[in-house]
Amino acid sequence: MYLNIGLIVGFLFIYSSLIGYFRSICWKDPTSKFFQAQRAHTPAYSTYRIRQAEQYVESVATEQWTQGIRKNPPELCIGIPSVQRDGISYLKLTLGSLQHGLSVGERAGLRFVVFLAHTNQTIHPDYGQLWLNSMADILPSYNDDAERLALAKVMELNQTHGTKSKFDYSIVMEECERTEAPYILIVEDDVVFLDGWRHRTLKALDEATAKSWGTGYTDFMYLRLFYYEGLLGWNSESWPKYLGSSIAITTCVLCLLALTRRYLPTTRLHITRSALILTTLVFTPLLIILLFAAGSNCILPQPAGVHLMPKNACCGQGFVFPRTTVVNKLLPLFRGNRWSEIPTDSFIEKYADVTGGLRWALTPVVMQHIGGQSSHGVSRDTYGNLTGGNIWNFGFEENDAETLAAEHLRINDRTL
């Protein structure tokens, strides 16, 4: 009796200590019961990067900037479709964070395509801005092609966001494809990138290509540069696996204690039948429940580097596509389904599901979603709080500005 009381008290002490431990490390995991939303949404690094982007754009707007030497073809083409949002624009932050800190050599290997996706581009608040003309290499317009213009007018009249967003996406892909860059990065216009995003992305593309070849593929669908951790939790469709694992762990504990009692008789004084039952049927299930409550991102975080993410990934803030995928698969797909109203990211995901295209993701992510005002009229937040609604990568805010700057400097020194 006294032994059981001591065992229970000891377990409660360990259990409460574990709760405190998980509370201290799992607060930024949105799948955890210990998640602290307000603290996790603090834009620690994003705010710093936004200031850098703003200062960079201001310097571009006030100084005489000239287009420097450009590599042909570029290493990477970055396409940004942008639309007018009521009372706000994030485009300068996106462009500023992409270009701030780039060396002359790094900038020479990039090509920026910025598409103000309106038949009347003057309604976009950034139209005609000096900084935009200086920072963008290509500024396409619907007016460049009569067929494009006619289609865009119909889509604007019908106000079909899903249809028009895919049309705009395809235009940006076409413009990037013409540069003959081997990879095409399409990003939304309400994100910020970390210092050193370029070298991390190019390294990840080399890894994704090598891994694709290793699995028998000549190319892949995309490399994801951003994802929301909230969809990477304990998924309900996997409950049989979780149940089986829990039963297996409980069975192992039971067998271990029973065999210890049998073959080491001296332990029976401590491993009594009641202690065995308590440990197997009470303590072990409670520990398993605590692990699930801690959250999957906290207990089983995504491995650093490039890894497959074919399911439960959100959203379409930043995809890098091989040029071959764009030319041979995506552009024909978009043209053949021009009037589909499925959102662009879901459209691409459905196609990848059908064709089995490899969907790689980079961890840690190199970009953050900061938009609080939707591009199709749905208000989520105000520009200043930068909580990103429900689309936010919590790990991104752990970046340290000095560490990233030092890493970027080392990479540039190595390439000189």
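Check the entry above for the structure.
Scope of this entry: the structure provided in the associated data block. (Residues numbered from 1 in each chain as written. Predicted model: local features only at pLDDT ≥ 70, side-chain atom pairs only at ≥ 80, totals over all residues. Heavy atoms only, no water.)

## Let's talk about the overall build of the protein chain
Within the protein chain one finds 15 helices and 9 strands. Within the protein chain, the proportion of its 416 residues that are buried is 50%. Expressed as a percentage of contacts within the protein chain between residues at least 6 apart in sequence, the contacts between residues at least 24 apart total 81%. Within the structure as shown, the protein chain displays about 20300 Å² of accessible surface, and the carbon and sulfur contribution to it stands at 60%. Each charge class in the protein chain can be summarised by its mean position, and for the 37 positive and 38 negative side chains these summaries are 10 Å apart. (Helix = DSSP H or I, 4+ residues; strand = E, 2+ residues; numbered from the N terminus. Buried < 20%, exposed > 50% of the residue type's maximum accessible area, 1.4 Å probe, protein only. Contact = heavy atoms within 4.5 Å. Areas by Shrake-Rupley, 256 points an atom, 1.4 Å probe, with all protein chains shown as cover. Lys, Arg positive; Asp, Glu negative; His and termini not counted. Charge placed at Lys NZ, Arg CZ, Asp CG, Glu CD.)

## As for the nonpolar core
Judged by nonpolar contacts, the single largest core of 57 residues is most densely connected at Ile78, Leu185, Phe193, Trp197, Leu223 and Leu225. If you tally residues by element for this core, the top one is helix 9 (residues 197–214), at 5 residues. Contacts of leucine 223, omitting those with residues within four sequence positions, involve Thr201, Ala204, Leu205, Val306, Gly318, Phe319, Val320, Trp360, Ala361 and Leu362. Core analysis: the next-biggest nonpolar cluster, separate from the first, contains 31 residues, Tyr169, Phe321, Leu331 and Leu333 among them. (Core = buried A, V, L, I, M, F, W, Y, C linked by side-chain atoms within 4.5 Å.)

## With respect to the side chain of glutamine 368
Take glutamine 368: it is sitting in strand 9 (residues 367–369). At 2.8 Å, the side chain of glutamine 368 forms a polar contact with the side chain of glutamate 397. Contact partners of glutamine 368, with chain neighbours within four places excluded, come to Ser46, Asp190, Val191, Val192, Phe226, Trp392, Asn393, Phe396 and Glu397. (Polar contact = N/O pair within 3.5 Å; in protein donor to acceptor, adjacent residues only side chain to side chain.)

## Description of the packing of aromatic side chains
Inspection of the entire model under this criterion finds 19 aromatic pairs. Between tyrosine 228 and phenylalanine 394 the ring centres are 6.5 Å apart and the planes differ by 50°, which places this aromatic pair in the tilted class. Here tyrosine 228, found in the loop between strand 5 (222–224) and helix 10 (239–263), pairs with phenylalanine 394, found in the loop between strand 9 and helix 15 (401–415); they are 166 residues apart in sequence, far enough to count as distant. Residue tyrosine 228 shares its accessibility class with phenylalanine 394, and that shared class is buried. (Phe/Tyr/Trp six-rings, centres within 6.5 Å; stacked < 30°, edge-to-face > 60°.)

## Comments concerning the side chain of aspartate 195
Secondary-structure assignment places aspartate 195 in the loop between strand 4 (191–193) and helix 9. Despite its burial, aspartate 195 pairs with no opposite charge; the closest candidate is arginine 49, at 4.6 Å N-O. Those residues in contact with aspartate 195, other than ones at most four positions away along the chain, are Tyr45, Arg49, Leu404, Ala405 and His408. (Salt bridge = Lys/Arg side-chain N within 4 Å of Asp/Glu carboxyl O.)

## Let's talk about the pairing of strand 8 (residues 359–363)
For strand 8, the tally of buried residues reaches 5 of 5 residues, placing the bulk of the element in the interior. Residues Arg359, Ala361 and Thr363 of strand 8 are buried on one face, and the alternating residues Trp360 and Leu362, pointing to the opposite face, are buried as well. In terms of strand pairing, strand 5 meets strand 8 through 3 bridges, oriented parallel. For leucine 223, the partnering residue across the bridge sits in strand 8 and is tryptophan 360. Judged from the 4 bridges that link them, strand 6 (residues 305–308) and strand 8 form a sheet pairing that is antiparallel. By the bridge assignment for strand 8, histidine 307 is matched with alanine 361. (Pairing = 2+ DSSP bridges.)

## A look at a nonpolar patch on the surface
A grouping of Ile277, Leu281, Val282, Leu286 and Ile289 is seen on the molecular surface, where their side chains present a nonpolar patch of about 440 Å² in accessible area. Within the element layout of this structure, leucine 281 appears in helix 11 (residues 273–294). (Patch = residues over 30% accessible without salt bridge, like charges linked within 9 Å, V, L, I, M, F, W, Y side chains within 5 Å.)

## What about unusual backbone geometry?
Put simply, asparagine 72 and proline 73 share a cis peptide bond, and its omega is -5°. Mapping proline 73 onto the fold places it in the loop between helix 3 (44–62) and strand 1 (76–82). The omega torsion of the bond from cysteine 314 to cysteine 315 falls at 10°, within 30 degrees of zero and hence cis. Tracing the sequence through the fold places cysteine 315 in the loop between strand 6 and strand 7 (318–322). Its identity as a non-glycine residue notwithstanding, glutamine 159 has a phi of 55°, on the positive side. In this structure, glutamine 159 sits in the loop between helix 7 (146–158) and helix 8 (161–178). Judged by its relative accessible area of 71%, glutamine 159 falls in the exposed class.

## Observations regarding the state of the cysteines
By the definition in use, this model includes 3 disulfides. With its sulfur 2.0 Å from that of its partner, cysteine 26 forms a disulfide with cysteine 298. Here the S-S torsion is close to -65°, and the disulfide linking cysteine 26 with cysteine 298 is therefore left-handed. With a gap of 272 residues between them, cysteine 26 in the loop between helix 1 (2–25) and helix 2 (37–40) and cysteine 298 in helix 12 (residues 296–299) connect regions that are remote in the sequence. For the protein chain, the bonded cysteines pair up as 1-4, 2-3, 5-6 when numbered in the order they occur along the sequence. Cysteine cysteine 252 shares no disulfide, and the gap to the nearest cysteine sulfur, in cysteine 255, comes to 6.6 Å. (Disulfide = S-S within 2.5 Å.)

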